[in-house]
Amino acid sequence: MANKGSSAQRPNGAPQNKICQFKLVLLGESAVGKSSLVLRFVKGQFHEYQESTIGAAFLTQTVCLDDTTNVKFEIWDTAGQERYHSLAPMYYRGAQAAIVVYDITNQDTFGRAKTWVKELQRQASPTIVIALTGNKTDQANKRMVEFEEAQAYAEENGLLFMETSAKTAMNVNEIFLAIAKKLPKYEQVSGTAGSGQGRRLGEGETPKQAGNCCK
Ligand code: GTP
Ligand code: MG
């Protein structure tokens, strides 16, 4: 029978959609805006009085990379308060991507972000894609971390870098999309959610989130 199995063609000849699933973790000092970035990316919302995260929160979102590839992010939004630090390895272990967030109005949070990057470089997967994000650019009048300083640090360490605002949505989708583009899309050994293996769903499998893509 023509076009059976590995042909990856729909009956109309169009290529079949490929869905790649990746585990992504957010790290950074408390109150830098990790949960706000996730809320903006997943639900398009922003809360002035966002509650501090306890432990970690889990959300998913799917983005369309191109006509044939969707990327489903399984997002672990960790708690930045120091007392939760020891839990972090549970979330970054096996993650294919990490967003390390600091607040551009607070120099200490940039220092903390660098410490997270070092920890990831030492203890996370050697192939992890790390993005550094300077959040709260809508408060540029209170800026304490210069764009150029952070950009130079990111370049030295091979990190993606963007400044964002969860409040205005500036660069929020863009940073996730840049990560999606950098992640390897080859078919990987399947694993359960959170097992650390990127996973391309097989023919006939319909992930719940796939319908959210390409709206
Ligand atoms: P933890 O859960 O404690 O680790 O904090 P977090 O990093 O998740 O920070 P969260 O998203 O809870 O945001 C902390 C505060 O900063 C909240 O009051 C948010 O409304 C505010 N906030 C987050 N992002 C932005 C932003 O881009 N601009 C401004 N002006 N405020 C922001
Ligand atoms: Mg939070």
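Residues numbered from 1 in each chain as written. Chains lettered and ligands numbered in written order. Predicted model: local features only at pLDDT ≥ 70, side-chain atom pairs only at ≥ 80, totals over all residues. Heavy atoms only, no water.

Trainee: So, helix α4 (residues 147-156): which residues are in play, and what are the values?
Mentor: For an α-helix the count is 3.6 residues per turn, leaving residues at separations of three or four pointing the same way. For α4, the set of buried residues is Ala150, Tyr153 and Ala154. Projection of α4 onto a plane perpendicular to its axis shows the buried side chains occupying an angular sector of 100°, all on one side. Residues of α4 that are exposed and point over 90 degrees away from its buried face: Glu148, Glu155 and Glu156. Taken together, the buried residues of α4 touch β4 (97-103), α3 (107-123), β5 (129-135) and β6 (160-163). With its phi angle positive at about 65°, Gly158 sits one or two positions after the end of α4. (Buried < 20%, exposed > 50% of the residue type's maximum accessible area, 1.4 Å probe, protein only. Helix = DSSP H or I, 4+ residues; strand = E, 2+ residues; numbered from the N terminus. Arc of directions from axis to C-beta. Contact = heavy atoms within 4.5 Å.)

Trainee: Any chance you could break down the pattern of salt bridges for me, citing the residues and the numbers?
Mentor: As enumerated under the stated definition, the model contains three salt bridges in all. In this structure, Glu48 engages Lys167 in a salt bridge whose closest nitrogen and oxygen atoms are separated by 3.0 Å. Residue Glu48 is found in the loop between α1 (34-43) and β2 (56-64), and its partner Lys167 is found in the loop between β6 and α5 (172-182); the two are separated by 119 residues along the sequence. One salt bridge connects Asp103 with Lys136, and the closest N-O pair in it is separated by 3.6 Å. A residue pair is termed long-range when its members are at least 10 positions apart, and Asp103 in strand β4 and Lys136 in the loop between β5 and α4 qualify at 33 residues. Classification of Asp103 by relative accessible area gives buried; the value is 7%. (Salt bridge = Lys/Arg side-chain N within 4 Å of Asp/Glu carboxyl O.)

Trainee: Account for α5, with residues named and values stated.
Mentor: Those residues of α5 that sit buried are Val172, Ile175, Phe176, Ile179 and Ala180. In an axial view of α5, the angular spread of the buried residues amounts to 140°, which keeps them on one side of the axis.

Trainee: Describe the site of ligand 1, listing the residues and the values that go with them.
Mentor: Around ligand 1 there are 24 residues in total, and Ser30, Lys34, Ser36, Ser52 and Gly80 lie nearest to it. One of the side-chain N or O atoms of Asp138 is found 2.7 Å from a nitrogen atom in ligand 1. In the complex, 91% of the free accessible area of ligand 1, which totals 650 Å², lies under the protein chains. With three residues, the single largest contributor to the shell around ligand 1 is α1. Of the residues in the shell around ligand 1, the class split is five nonpolar, 12 polar and seven charged. (Near = heavy atom within 4 Å. Polar contact = N/O pair within 3.5 Å; in protein donor to acceptor, adjacent residues only side chain to side chain. Areas by Shrake-Rupley, 256 points an atom, 1.4 Å probe, with all protein chains shown as cover. Nonpolar A, V, L, I, M, F, W, Y, C, P; charged D, E, K, R; others polar.)

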